[in-house]
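Observations on the three-dimensional arrangement
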Number of protein chains: 2
Amino acid sequence: MRYKLTVCYDGSTYHGFQRQTNLITIQGEIEKALSSIFFEEIKIASAGRTDAMVHAVGQVIHFDSDKAIPKENLRRLINKHLYPHIYIKQVEYVDDTFHARISAKAKEYRYLVSLGEFDPFKARYMAFWKKNVDINAIKEGMKYFIGEHDFKTFSKNKKITDTVREISEFRLEQKDNLLTFIIIGDGFMHNMVRIMMGVLRRIGEGKLKPEKVIELLEGQNRRLAPYTENPSGLYLYKVYY
Amino acid sequence: MRYKLTVCYDGSTYHGFQRQTNLITIQGEIEKALSSIFFEEIKIASAGRTDAMVHAVGQVIHFDSDKAIPKENLRRLINKHLYPHIYIKQVEYVDDTFHARISAKAKEYRYLVSLGEFDPFKARYMAFWKKNVDINAIKEGMKYFIGEHDFKTFSKNKKITDTVREISEFRLEQKDNLLTFIIIGDGFMHNMVRIMMGVLRRIGEGKLKPEKVIELLEGQNRRLAPYTENPSGLYLYKVYY
């Protein structure tokens, strides 16, 4: 039997998603909970990893077991184990052609920014930018990211050979002091969104021109954009299948 | 020179306010920051201690030093040290008759409760109660706490001899699924608000009658109310001088 789980987590105190010996991670906690519920060693596959302090509203994982546990019972049991910082929103049975990562058609990330006064109760959940950033310049910069590009400049991982990705949507919603960046694409490399946000913040501060994005994409070299924005603002929001 | 600081903190990952050897506490972090700024050992006094995972919006502390540092500079310097979970809102110079605890006339605590679906992004900052709790019964129970009473039943600390306290205000505001309990009194003993909230939740669930509060106050015995509600909902909101 293959189980598909939709997972929400406050990543602020975890050492990222990926299992690590002796460190508390999202994957480690979920596998521990499932293994104790199923009485067997369960290994999960995820739609993608998230870095330390990065959150998820709709991460997706799958795993296999011979045991059939009713969906709502399983959901309740796991949530008891994972309380309070990881929360399973949905349990589904899927056929074994489904794979959390390989079947994913697109992913949506969101990045939250406050332009208001620093607030320690929001520090885990958003970045704080200067209140007078130029929103129009940021929006102009965002446009250059849309479409299919080689994102080599925007990848931390030097070993990846195929660095072409397609961004199908990239928009900015503003409500009072809160900026929500919404980005949908067919794939994101390690730190890609955070590097993009680092460039956009500097565009907003007038340190880079919006057209600089074109140059950075064409340059295909990480050293051109040595910026990695605060992980606290980043959410893996949804995985599209 | 005596300095007065108004302090805000997300207590969710600290071992409470009070300094403890080898554990990260609010007092420990603030004293470390101040000692490194003033180049001398600084010890602080606070309006009151808060438990592990309890927050503050307006905790007040004071300390002395021969060195005069301009208020806004000091605020900026400390906040760099304490970033991001502790935040100094205000720095004032006070004369040495001021004492953060002894001069306090009253304190306001707030307790936040969600009646909505569990949300891991709110878990550090509020309690989650069943959505169908009886708000009118809770409000009736709250009334019996107002005024001067012996709160011995509502104190964790058995050594305290004077357990009479006056609650001048206790009200409940509701906005959608969010309940905000606002309580102002001349003093609060260890766990007092959390024990009171434990009783009120049970009144809301129909497990205790509102008039039970009268009996608990008269009983003067902690064993009558062995309830300590979730610390995550509790905020030291303001200290009145």
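Residues numbered from 1 in each chain as written. Chains lettered and ligands numbered in written order. Predicted model: local features only at pLDDT ≥ 70, side-chain atom pairs only at ≥ 80, totals over all residues. Heavy atoms only, no water.

1. Things to note about the domain arrangement of chain A
Residues and elements named next belong to chain A. Cut-off, in case you're wondering: Boundaries of every domain are those given by an automatic assignment or by a domain database. By definition in these notes, contact holds between two residues if any of their heavy atoms fall within 4.5 Å. Accessible area that two parts lose when put together, with a 1.4 Å probe and added across both, is what the buried area reports. Put simply, a salt bridge is a Lys or Arg side-chain nitrogen that is within 4 Å of an Asp or Glu carboxyl oxygen.
In terms of domains, chain A is made up of domain 1 (2-94) and domain 2 (106-240). Computed over C-alpha atoms only, the centres of domain 1 and domain 2 are separated by 27 Å. Counting from both sides, the interface comprises 17 residues of domain 1 and, opposite them, 15 residues of domain 2. The three residues of domain 1 that bury the most area against domain 2 are D51, H55 and V57, which together make up 39% of that side's buried surface. Put simply, domain 1 and domain 2 have one salt bridge between them.

2. Topic: the pattern of salt bridges
Cut-off, in case you're wondering: The helix count covers DSSP runs of H or I at least four residues long, the strand count covers runs of E at least two residues long, and both are numbered beginning at the N terminus. For every residue, the accessible area obtained with a 1.4 Å probe (protein chains only) is divided by the maximum for its type, and the residue is called buried under 20%, exposed over 50%, and partly exposed between those limits.
According to the stated counting rule, one finds 34 salt bridges over all chains in the structure shown. Between E229 of chain A and R201 of chain A there is a salt bridge; the shortest N-O distance is 2.6 Å. Residue E229 of chain A is located in the loop between α5 (212-219) and β10 (234-240), and its partner R201 of chain A is located in helix α4 (residues 192-204); the two are separated by 28 residues in the primary sequence. Here the two residues E229 of chain A and R201 of chain A agree in accessibility, since each one is buried. The closest approach of N and O atoms between K32 of chain B and E29 of chain B, which form a salt bridge, is 3.4 Å. Placement of the pair is K32 of chain B and E29 of chain B together in helix α1 (residues 26-38), with a separation of three residues, close to one helical turn. Salt bridges linked by common partners bring K130, R201, E205, K207 and E229 of chain A together as one network.

3. So, unusual backbone geometry
Here the bond from Y83 of chain A into P84 of chain A is cis, since omega is 0°, no more than 30 degrees from zero. Even without a glycine there, the phi angle at Q220 of chain B is positive, about 45°. For Q220 of chain B, a relative accessible area of 37% gives the class partly exposed.

4. Side note on the environment of Y109 of chain A
All names here are of chain A. Along the polypeptide, Y109 turns up in strand β5 (residues 106-114). Placed 14 residues apart in sequence, Y109 and D95 show a C-alpha to C-alpha distance of 26 Å. Here Y109 is in contact with R49, F181, I182, I183, F188, V193, L234, Y235, L236 and Y237, once residues within four sequence places are set aside.

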